[in-house]
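Examination of the molecular architecture
What follows is each chain in one-letter form.
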Amino acid sequence: MNEMLRRICRRNFCTCSPRPWLFFGLGDPGDKYRGTRHNVCFEMLDSFAESLGIHMETAHCKAMFGKGFVSGVLVLLAKPETCMNLSGESAGPLAAYYNILLTRVVVFHDDMDLPCGVLCLHPKGGHHSHNGLKSMIYHFCGNREFPRLRIGVGRPPGQMDTKAFMLQKFNATARERIDAALLEGVHALKQVLSKGFSESSKCFNIEQKYKHIRLQSLPR
């Protein structure tokens, strides 16, 4: 009887255990992209990993990978070693390998429609011509219902080429805003792990909306 009870308890514990999350940052490997708008998502992932003491030093599924626990919840962190346009080649196999629900795969991506340093949590969406997101959707078999953390980088001034703008490093003002956003993002992501995506995003997005209003008319 005692053995039967132990088996039932173990089975119930496994059933009730919170499912893992995958936080996946879009960017490109290599020093060329370090500190640029193009790789701001890697910075966010690195900041989150550092805040938890997670080391992302393991090569797995074409990504630099690490994992840890927040309030008993397993979180997997990954930065693709492919180019950004092929990010799905890493994210798809990772999600499949760990049997992660698509609604628990949070993709970090840069967003020129948001002022520099403004963040937004979205439960799903299209690719909006973002090649990294296109690859993600393709390797998720066309499914777009995965959450995103949008990281605002602003738009290029005047007639500046978009690609050149994204490959630039942040100036002093923009760097200050991004550093503040990294701290805000880390806090928001921890809330996602403890309270769930929907509840956490409501309050966070309201805060960021007011920040948007303050910053949208200022130099980027």
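This text follows the structure it describes.
Residues numbered from 1 in each chain as written. Predicted model: local features only at pLDDT ≥ 70, side-chain atom pairs only at ≥ 80, totals over all residues. Heavy atoms only, no water.

**Thoughts on the overall build of the protein chain**
Filter applied, for reference: Helix and strand labels come from DSSP, where a helix needs a run of H or I of at least four residues and a strand needs a run of E of at least two; each type is numbered from the N terminus. Radius of gyration means the value over C-alpha atoms here, while the globule rule gives 2.2 Å times the residue count to the 0.38 power. Whether two residues are in contact is decided by their heavy atoms: any pair within 4.5 Å suffices. Computed with the Shrake-Rupley method and a 1.4 Å probe, the accessible areas treat only the protein chains shown as cover for residues.
Along the protein chain, the regular secondary structure elements total 7 helices and 7 strands. Listing every helix and strand of the protein chain by position from the N terminus yields α-β-α-β-β-β-α-β-β-α-β-α-α-α. The C-alpha atoms of the protein chain give a radius of gyration of 18 Å, which matches the 17 Å a tight globule of 220 residues would have. Across its three principal axes, the protein chain shows a C-alpha extent of roughly 75 × 35 × 30 Å. Across the protein chain, contacts joining residues at least 24 apart in sequence account for 73% of those joining residues at least 6 apart. Of the accessible surface of the protein chain, which amounts to about 11700 Å², a share of 55% is contributed by carbon and sulfur atoms.

**Quick notes on the packing of aromatic side chains**
Given two aromatic rings, their pairing is described by the distance between the two centres and the angle made by the two planes. Here is the rule: Classification of ring pairs uses Phe, Tyr and Trp, with its six-membered ring standing for Trp, and accepts pairs whose centres are within 6.5 Å; under 30 degrees between planes counts as stacked, over 60 as edge-to-face, and the remaining range as tilted. Only protein chains enter the accessibility calculation, which uses a 1.4 Å probe; a residue whose area is less than 20% of its type maximum is buried, one above 50% is exposed, and one in between is partly exposed.
Tallied over the entire structure, the rule returns 6 aromatic pairs. Consider the rings of Phe23 and Phe48, whose centres lie 5.3 Å apart with planes at 65°: the pair is edge-to-face. Of this pair, Phe23 sits in strand β1 (residues 21-25) while Phe48 sits in helix α2 (residues 40-52); the two residues are 25 residues apart in sequence, bridging distant segments of the chain. The same class applies to Phe23 and to Phe48, which are both buried. Judged by centre distance (4.9 Å) and plane angle (70°), the rings of Tyr97 and Tyr98 are edge-to-face. Take Tyr97: its relative accessible area is 57%, and that puts it in the exposed class.

**Examining the pattern of salt bridges**
Stated precisely, the cut-off is as follows: What makes a salt bridge here is a side-chain nitrogen of Lys or Arg within 4 Å of a carboxyl oxygen of Asp or Glu, nothing more.
Tallied over the full model, the rule gives 8 salt bridges. Here Lys79 ties to Asp46 by a salt bridge, and the two come within 2.8 Å at their closest N and O atoms. Placement of Lys79 in strand β4 (residues 73-80) and of Asp46 in helix α2 is noted, with a sequence separation of 33 residues between them. Relative accessible area serves as the criterion here: at 16%, Lys79 is assigned to the buried category. On the basis of relative accessibility, which here comes to 34%, the residue Asp46 falls in the partly exposed class. Here Lys211 and Glu184 are joined by a salt bridge, their closest N and O atoms 2.8 Å apart. Of this pair, Lys211 sits in helix α7 (residues 197-215) while Glu184 sits in helix α6 (residues 172-195), and the two are 27 residues apart along the sequence. On the accessibility criterion, Lys211 (7% relative accessible area) is buried. A relative accessible area of 28% places Glu184 in the partly exposed class.

**Quick notes on the sheet that holds strand β5 (residues 105-111)**
Paired through backbone hydrogen bonds, the strands of a sheet run either parallel or antiparallel to each other. Inclusion rule: Strands pair, by our definition, only if DSSP identifies at least two bridges between them. For helices, the fitted line uses only the C-alpha atoms of the stretch in contact; every axis is such a line through C-alpha atoms, and the angle between N-to-C directions lies from 0 to 180 degrees.
Taken in spatial order, the 7 strands make up an open sheet running β2-β3-β4-β1-β5-β7-β6, and their pairing is mixed. Both edges of this open sheet fall to β2 (58-60) and β6 (119-122), since each of them pairs with a single strand only. Averaged over all pairs of adjacent strands, the angle between their axes in this sheet comes to 30°, without regard to strand direction. Lying on the sheet, helix α4 (residues 131-139) is in contact with β1, β5 and β7 (148-152); it crosses β5 at an angle near 155°.

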